[in-house]
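Close look at the chain arrangement
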Amino acid sequence: MSAGALRMPRPAFGRGQMQAVAGCYFVASFAALGLPPYFTEILPELGDRGARWAGVLYVVPTVFGALGAPLWGRLADRYGRKRLLLRAQLGLAVSFLLAGWADSLATFTVALVLQGILGGTFAASNGYLGAALQGPALSKALTLMQGSARAALVAAPIVVGSLSGWLSPHRQYALLAVLPLTAALLLAALPEPERVQEPARIPEAVDAEPQIVSLKTLYVLEFAFVFSTVISFPYLIALVDDRLPGTSPALSGVLFALPHLCYLIAALPMHSVFRHRPRSGLALGFGCVALGLAGHGVAGSLAALITVRLLLGTGLTLGLVCLSVLAADCARGRAPGGLFGSLEFFSKAGAVAAGVAAAAGSARFGPAAPVLIGGAAASVTAALLPTLHLRTRWSR
């Protein structure tokens, strides 16, 4: 009897394990996503009375996270995805503790740098899932991971604001460090994923299964999509105040959250519809983002703002879902840690570029400039999408 016949099949990576990874990312990202909006309250406690460094510090974890993501991804492929995922959760816990105990602006900045370098839980989680799943199962898992990110983005600022009555946002960093520690304990119970061994492929079979997009094209699309959508985030509240003076903070928060709520509601149904035609869905997504952001520039009533926010949410959902399908396709035959680490680099680079463009545009032309810049970028990408090199042969 051959050794292959004696090999026991490995347990299937079930829905419960996939949900556990997504849930751990959700709880671990609470401080990372919920506390930066309160930098204007934190920095005066550390000596920056006017919170002049809030904008710069907002992107510090993103910049250093982008720089570290490819390296951590390659190390995960070499030393184990579970091990590096645990490292990311523990790294977040250490950086949050340091931020919560910081008594100077310099120490707080170091903590944010460490958060970027030692964190990377999203890329690490995707690399873990990419080692255990393939094809539609992987793209569905990536869609679920994006849902965790959107849910945290909606819920975390609300929770932090509610806790601020008895504990300052600065000290909440130390309190919320317990969340990545808890996530690490839960993840420790999960198995180390083992990549399914694919049968040997003959050249004809390789030629018959081209990738939907090249890896370089995926990186370009990821950067462009993140840039187009994130650029509208920093100055949305100012835009709402400009269009509808006297709008309550609660209503402004609801308008901010609408696109992310769209994703939570519609992501899985859209995955079912577009998993076999992701290029069409992505083109439609860029188009909806372009129209939605352009509408922000002219919306002059609450009904109009709600409409364009929902249109943006439709584009956001389509784009993120279809990018997950494309990423799962590109993961075939590749080391998942390196791939998702590099993809995270381009995602974060798009976010940093968006933040810089939003700040410059808003300062020069007013609060409507960021949405118009983002709409123009989405329009250009949608127009160029059919001309990009979208089909390459799968080569190992």
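Description of the structure in this document. Remember, it's a predicted structure, so these values are computed and weren't measured experimentally.

Here the focus is the overall build of the chain. Counting its secondary structure elements, the chain contains 19 helices and zero strands. By the compact-globule yardstick of 21 Å for 396 residues, the chain fits well, its C-alpha radius of gyration being 21 Å. In terms of overall dimensions, the chain has a C-alpha envelope of 75 × 45 × 30 Å along the principal axes. By residue count, 51% of the 396 residues in the chain fall in the buried class. The long-range fraction of contacts in the chain, counting pairs at least 24 apart against all pairs at least 6 apart in sequence, stands at 85%. Accessible surface, the chain as shown: approximately 17400 Å² in total, 68% of it carbon and sulfur. For the chain, the centre of its 29 positive side-chain charges and the centre of its 16 negative side-chain charges are spaced 5 Å apart.

For the rest of this paragraph, the subject is the packing of helix H2 (residues 15–28) against helix H9 (residues 135–163). The geometry of H2 relative to H9 is characterised by a closest axis approach of 9 Å and an angle of 25° between their N-to-C directions. The pairing of H2 with H9 is recorded here as roughly parallel in orientation. Pair H2 / H9 crosses with right-handed handedness. Where H2 approaches H9, its residues Met-18, Gln-19, Val-21, Ala-22, Gly-23, Tyr-25 and Phe-26 are matched on the opposing element by Ala-141, Leu-144, Met-145, Ser-148, Ala-149, Ala-151 and Ala-152. Taken together, the residues that form the contact of H2 with H9 break down as 11 nonpolar, three polar and no charged.

Another point: the environment of Ser-139. Mapped onto the elements of the fold, Ser-139 is located in helix H9. A relative accessible area of 2% places Ser-139 in the buried class. On a C-alpha basis, the gap between Ser-139 and Val-21 in space is 14 Å, while along the polypeptide they are 118 residues apart. Ignoring any residue separated from it by four or fewer positions in sequence, one finds Ser-139 in contact with His-271, Ser-324, Val-325 and Ala-328.

A word on the pattern of salt bridges. Between side chains of opposite charge, a pair can form as their charged atoms come close. Scanning the model with the defined rule gives five salt bridges in all. Asp-329 is paired through a salt bridge with Arg-332; the nearest N and O atoms lie 3.4 Å apart. Like Arg-332, Asp-329 is buried. We note a salt bridge from Lys-348 to Glu-344, for which the minimum N-O separation is 3.3 Å. Within this pair, Lys-348 and its partner Glu-344 are both found in helix H18 (residues 336–365), separated by four residues, close to a single helical turn.

Here we come to the environment of Val-113. Relative to the elements of secondary structure, Val-113 occurs in helix H7 (residues 105–118). Along the sequence, Val-113 and Ser-95 sit 18 residues apart, while their C-alpha atoms lie 8.4 Å from each other. Every residue in contact with Val-113, bar those within four places of it in the chain, is listed here: Val-60 and Phe-64.

Another aspect to go through is the packing of helix H6 (residues 81–101) against helix H8 (residues 121–132). Between H6 and H8, whose axes approach to 9 Å, the crossing angle comes to 160°. Considering their axes alone, H6 and H8 lie roughly antiparallel with respect to each other. Between H6 and H8 the crossing geometry is left-handed. Between H6, through Arg-81, Lys-82, Leu-84, Leu-85, Ala-88, Gln-89 and Leu-92, and H8, the contact on the second element is made entirely by Thr-121, Ala-124, Ser-125, Gly-127, Tyr-128 and Ala-131. Class assignment of the residues belonging to the contact of H6 with H8 gives a composition of seven nonpolar, four polar and two charged.

What follows covers helix H17 (residues 302–330). An ideal rise of 1.5 Å per residue puts 42 Å on 29 residues; H17 measures up with 42 Å between its terminal C-alpha atoms. Counted residue by residue, H17 has 21 buried out of 29 residues, so it is predominantly covered.

Time to look at a nonpolar patch on the surface. Taken together, the side chains of Leu-261, Leu-264 and Ile-265 define a hydrophobic patch exposed on the protein surface, amounting to about 280 Å² of accessible area. With respect to the secondary-structure elements, Leu-261 resides in helix H15 (residues 249–274).

What follows covers the nonpolar core. With 84 residues, the main nonpolar core has Phe-108, Tyr-173 and Leu-218 as its most contacted residues. The element that contributes the greatest number of residues to this core is H17, accounting for 11 residues. For Phe-108, the contacting residues outside a window of four places in its chain are Phe-39, Ile-42, Leu-43, Leu-46, Leu-57, Ala-99, Ala-102, His-170 and Tyr-173.

Taken as a whole, this structure holds 11 aromatic pairs when the rule is applied. Ring geometry for Phe-96 versus Tyr-173: centroids 6.0 Å apart, planes at 50°, classification tilted. Here Phe-96 is found in helix H6, whereas its partner Tyr-173 is found in helix H10 (residues 169–176), with 77 residues between them in sequence. The pair formed by Phe-96 and Tyr-173 is uniform in burial state, with each residue classed as buried. A centroid spacing of 5.7 Å and a plane angle of 75° characterise the contact between Phe-108 and Tyr-173, whose relative ring orientation is edge-to-face. Placement of Phe-108 in helix H7 and of Tyr-173 in helix H10 is noted, with a sequence separation of 65 residues between them. You can call Phe-108 buried: its relative accessible area is 0%. Grouped by ring-pair contacts, the aromatic residues Phe-39, Tyr-58, Phe-96, Phe-108 and Tyr-173 constitute a single cluster. One Lys or Arg, Arg-87, reaches over the ring of Trp-72 and ends 3.6 Å from the middle of that ring. When the ring centre of Phe-274 is taken as reference, the NZ or CZ atom of Arg-277 above it lies at 5.7 Å.

As a further point, take the side chain of Ser-232. Turning to its location among the elements, Ser-232 is positioned in the loop between helix H13 (215–230) and helix H14 (236–243). Look at Ser-232 and you get buried, because its relative accessible area is 2%. Among the polar contacts listed, one links the side chain of Ser-232 to the backbone oxygen of Thr-229, at a separation of 2.9 Å. Beyond its immediate sequence surroundings of up to four residues, Ser-232 is in contact with Leu-293, Leu-312 and Val-371.

What counts and what doesn't
Residues numbered from 1 in each chain as written. Predicted model: local features only at pLDDT ≥ 70, side-chain atom pairs only at ≥ 80, totals over all residues. Heavy atoms only, no water. Helix = DSSP H or I, 4+ residues; strand = E, 2+ residues; numbered from the N terminus. Rg over C-alpha atoms; globule rule 2.2 N^0.38 Å. Buried < 20%, exposed > 50% of the residue type's maximum accessible area, 1.4 Å probe, protein only. Contact = heavy atoms within 4.5 Å. Areas by Shrake-Rupley, 256 points an atom, 1.4 Å probe, with all protein chains shown as cover. Lys, Arg positive; Asp, Glu negative; His and termini not counted. Charge placed at Lys NZ, Arg CZ, Asp CG, Glu CD. Axes fitted to C-alpha atoms, helices over the stretch in contact; angles between N-to-C directions. Parallel < 35°, antiparallel > 145°, perpendicular 65-115°, else oblique. Left-handed = near helix turned anticlockwise from the far one by under 90°. Nonpolar A, V, L, I, M, F, W, Y, C, P; charged D, E, K, R; others polar. Salt bridge = Lys/Arg side-chain N within 4 Å of Asp/Glu carboxyl O. Expected span 1.5 Å × (residues − 1). Patch = residues over 30% accessible without salt bridge, like charges linked within 9 Å, V, L, I, M, F, W, Y side chains within 5 Å. Core = buried A, V, L, I, M, F, W, Y, C linked by side-chain atoms within 4.5 Å. Phe/Tyr/Trp six-rings, centres within 6.5 Å; stacked < 30°, edge-to-face > 60°. Lys NZ or Arg CZ within 6 Å of the ring centre and 35° of its normal. Polar contact = N/O pair within 3.5 Å; in protein donor to acceptor, adjacent residues only side chain to side chain.

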